[in-house]
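# Commentary on secondary and tertiary structure
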Amino acid sequence: QVQLVESGGGLVQPGGSLRLSCAASGSILSMKDMGWYRQAPGKQRELVATVTSGGSTNYADSVKGRFTISRGVAKNTVFLQMDSLKPEDTAVYYCNAEFYLNQDGTTWHGWGQGTQVTVSS
């Protein structure tokens, strides 16, 4: 069974930085896609950034130029470097991933438990 575990959230002042990490455990053949989503109180979950196995990235307009998504050396890790944080970035951040489990093309798609990011002075 595959599990995703996020870390790195916390409280930071406006203009500060945080780095989120997401690591998958379990029997994984290779990564298909990984990404970060966030959900603020009273709002729907929204895409923040994604990265494909080929390295292509996609960002929400609201975070372009401030956030950077990257894959780890290990096939099952992804990071989100968040700079120039704003109060409106406050949300629970969720890791999302899809992995190939075997050579037959079987995939697994799931979410982490979330990590709180609070931007406040």
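The coordinates are above.
Presented here is a report on the structure given in the accompanying data block.

Rules used in this analysis
- Residues numbered from 1 in each chain as written.
- Predicted model: local features only at pLDDT ≥ 70, side-chain atom pairs only at ≥ 80, totals over all residues.
- Heavy atoms only, no water.
- Buried < 20%, exposed > 50% of the residue type's maximum accessible area, 1.4 Å probe, protein only.
- Helix = DSSP H or I, 4+ residues; strand = E, 2+ residues; numbered from the N terminus.
- Pairing = 2+ DSSP bridges.
- Salt bridge = Lys/Arg side-chain N within 4 Å of Asp/Glu carboxyl O.

## Concerning the pairing of strand β8 (residues 77-82)
Summarising burial for β8: five of the six residues are buried, a large majority. Pairing analysis gives six bridges linking strand β3 (residues 18-25) to β8, with the strands arranged antiparallel. Within β8, the position partnered with Cys22 by the bridge is Val78. Note: strand β7 (residues 67-71) against β8, five bridges, orientation antiparallel. If you follow Arg71 over to β8, its bridge partner there is Val78.

## Points about the pattern of salt bridges
Overall, the coordinates contain five salt bridges when judged by the stated rule. Residue Lys32 is joined to Glu98 by a salt bridge in which the shortest nitrogen-to-oxygen separation is 3.8 Å. Taken together, the residues span a long stretch of sequence, with Lys32 in strand β4 (residues 30-39) and Glu98 in strand β9 (residues 91-100) at a distance of 66 residues. In this structure Lys32 comes out as partly exposed when scored by relative accessible area, which is 28%. Its salt-bridge partner being Arg38, residue Asp89 comes within 2.9 Å of it at the nearest N-O pair. Here Asp89, found in the loop between β8 and β9, pairs with Arg38, found in strand β4; they are 51 residues apart in sequence, far enough to count as distant. Judged by relative accessible area, which is 1%, Asp89 ranks as buried. A single network of salt bridges, built from pairs that share partners, joins Arg38, Glu46, Arg66 and Asp89.

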